[in-house]
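The chain contents come next:
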Amino acid sequence: MLIVKKFGGTSVADKEKIFNVARRCVEDYKNGNEVVVVLSAMGKQTDLLLAQAREINPNASKREVDMLLTTGEQISVSLMAMAMNSLGVPAISLNAFQVAMHTTSVYGSARIKRIDVDRIHSELANNKIVIVTGFQGINSFGDYTTLGRGGSDTTAVAIAAALNADACEIYTDVDGVFTADPRLVPNAKKLNEITYDEMLELSSLGAGVLHNRSVEMAKKYGVQLVVRSSLNNSEGTVVKEEIKMEKMLVSGVAADKNTARIAVIGLEDQPGVAFKLFNHLARHNINVDIILQSVGRNGTKDISFTVAEDSVEEAVEILERHRAGSLKCHKIDVEKSVAKVSIVGAGMMSNAGVAAKMFEALYDVGVNIKMISTSEIRVTVLIDEIYVEKAMKAVHDKFSLA
Ligand code: ADP
Ligand code: ASP
Ligand code: MG
């Protein structure tokens with residue numbers, strides 16, 4: 001079998017953990033498998049590097065930030081190769097250049113376009129364990145890029161797809177995918193299986209256990225994923241197209257504090273206004289999430305929407321720049337202390353009353369809803385950030401997920 005195994009930062013945080021991972025990989029290798037390992041940077045290394053960059057220059061260019069961040073993963077892969085070598089097993093580390101992991105050019109949130117597999121194949125053919133840097137790529141300018149926070153999962157899935165691997169295992173610091181973040185909702189339950197679509201919604205809505213693009217890519221290429229603990233041998237969660245069990249009404253609750261609301265007040269109530277507003281943002285690659293438009297009155301209307309909190313400053317600056325020209329409005333309001341709480345479940349498609357039940361749970365604990373958005377398998381509400389844990393627990397209990 002060809003197995004791709006990915007280990008997150010906490011799983012390689014120190015010498016002992018590096019050897020723990022090395023031994024797990026060596027076991028598969030000694031059982032006759034071809035093993036490709038994808039690693040994140042050790043512990044909180046990526047956060048530390050980002051803090052260092054900010055200290056030197058808060059407005060550092062994204063190219064230089066990516067150049068810096070890629071060092072984190074180079075440390076973990078080379079140390080891992082040394083650990084395996086010391087266990088008497090041939091292993092080699094490769095970075096994004098050495099593999100040739102081609103991405104789009106957007107620094108900080110590049111997308112993988114193509115992976116050259118020749119080098120990996122030839123190292124495997126030499127009976128080596130191949131250890132690849134997660135999170136990083138190279139663009140057409142010959143520069144390093146990174147895939148966005150948590151992006152090593154996506155590297156692993158992309159490599160598994162490119163190599164047509166028999167298994168893709170994502171090892172982390174929890175036992176699998178839970179009905180909610182077990183650190184926020186202690187009675188959350190581990191799921192044995194979940195569909196790509198549900199997992200994609202959960203990870204896009206804040207369940208950081210998998211990078212959302214990794215799930216998107218797994219679905220696209222039919223890569224079955226297993227999310228499991230690097231610390232024990234429990235079975236974990238399988239992420240795949242169809243699951244055997246009856247579809248649950250709600251399979252999980254997610255929260256995302258990296259959210260801000262922008263309200264554009266007093267826009268002209270005319271055709272083309274929404275187009276102009278969102279086009280300005282789209283041209284700068286700013287993703288907009290929940291959108292709410294008020295009923296027009298006296299020839300004006302308001303549009304409010306959410307963006308990721310880390311892009312709110314840029315978004316407002318862009319809008320302010322166009323206020324005198326194409327975007328006439330009375331004022332632009334920003335609220336940063338908001339968060340999204342969402343429920344996800346394939347079963348809600350055919351069930352009335354799921355949204356009402358979620359709203360009731362929030363009413364029970366006195367949490368006010370600021371915005372609502374729904375899809376076939378999801379309901380999202382925007383609330384005050386301070387109530388996130390209370391809201392998650394209430395919603396989780398309401399649907400008896402524990
Ligand atoms: P890694 O470094 O291994 O990639 P991450 O911190 O990125 O680990 O992801 C694992 C974390 O995801 C867990 O520690 C947990 O707090 C968080 N998490 C959020 N939502 C969920 C969920 N629904 N199920 C499991 N873990 C979750
Ligand atoms: N090291 C990167 C991060 O902290 C990538 C990852 O861990 O997946 O975001
Ligand atoms: Mg992660």
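Shown above is the structure to which this text applies.
This structure is a prediction, so every number in the text was calculated from the model and none was measured.

Engineer: Help me understand the pattern of salt bridges, please; the structure alone is not making it clear to me.
Structural biologist: Pairing between side chains becomes possible if they bear opposite charge and their charged atoms approach one another. In this structure the tally under the stated criterion is 27 salt bridges. For Arg63, the salt bridge identified is with Asp143, shortest N-O distance 3.0 Å. With Arg63 in helix 3 (residues 62-86) and Asp143 in the loop between strand 7 (136-138) and strand 8 (144-146), this pair connects stretches of sequence that are 80 residues apart. When its relative accessible area of 12% is taken as the criterion, Asp143 is described as buried.

Engineer: Quick question: what am I supposed to make of the packing of aromatic side chains here?
Structural biologist: The geometry of an aromatic ring pair comes down to the distance between the two centres and the angle between the two planes. Considering all chains together, one arrives at three aromatic pairs under this definition. Both rings, one in Phe7 and one in Tyr171, keep their centres 4.6 Å apart while their planes meet at 15°; by these two values the pair is stacked. On the criterion of sequence distance, the pair formed by Phe7 in strand 1 (residues 2-7) and Tyr171 in strand 9 (residues 167-172) is long-range, its members being 164 residues apart. You'll find Phe7 and Tyr171 in the same group, each marked buried. A ring pair is formed by Phe97 and Tyr144, whose centres lie 5.0 Å apart and whose planes are at 80°; its orientation type is edge-to-face. Of the two residues, Phe97 sits in helix 4 (residues 96-99) while Tyr144 sits in strand 8, which places them 47 residues apart along the sequence.

Engineer: I would appreciate a short explanation of a nonpolar patch on the surface in the present structure.
Structural biologist: A cluster of nonpolar residues, Ile75, Leu79 and Met82, forms a patch on the protein surface that exposes about 250 Å² of accessible area. Within the fold, Leu79 resides in helix 3.

Engineer: Would you explain the site of ligand 2 in this entry?
Structural biologist: The environment of ligand 2 is made up of Ser40, Ala41, Thr46, Glu73, Phe135, Arg149, Gly150, Gly151 and Ser152. Ser40 is positioned such that a nitrogen or oxygen atom in its side chain is 3.0 Å from an oxygen atom of ligand 2. Residue Gly151 places a main-chain N or O atom 3.4 Å away from an oxygen atom belonging to ligand 2. For ligand 2, whose accessible area on its own is 260 Å², the fraction buried by protein is 86%. Here the shell around ligand 2 is composed, by residue class, of two nonpolar, five polar and two charged.

What counts, and where the lines are drawn
- Residues numbered from 1 in each chain as written.
- Chains lettered and ligands numbered in written order.
- Predicted model: local features only at pLDDT ≥ 70, side-chain atom pairs only at ≥ 80, totals over all residues.
- Heavy atoms only, no water.
- Salt bridge = Lys/Arg side-chain N within 4 Å of Asp/Glu carboxyl O.
- Helix = DSSP H or I, 4+ residues; strand = E, 2+ residues; numbered from the N terminus.
- Buried < 20%, exposed > 50% of the residue type's maximum accessible area, 1.4 Å probe, protein only.
- Phe/Tyr/Trp six-rings, centres within 6.5 Å; stacked < 30°, edge-to-face > 60°.
- Patch = residues over 30% accessible without salt bridge, like charges linked within 9 Å, V, L, I, M, F, W, Y side chains within 5 Å.
- Areas by Shrake-Rupley, 256 points an atom, 1.4 Å probe, with all protein chains shown as cover.
- Near = heavy atom within 4 Å.
- Polar contact = N/O pair within 3.5 Å; in protein donor to acceptor, adjacent residues only side chain to side chain.
- Nonpolar A, V, L, I, M, F, W, Y, C, P; charged D, E, K, R; others polar.

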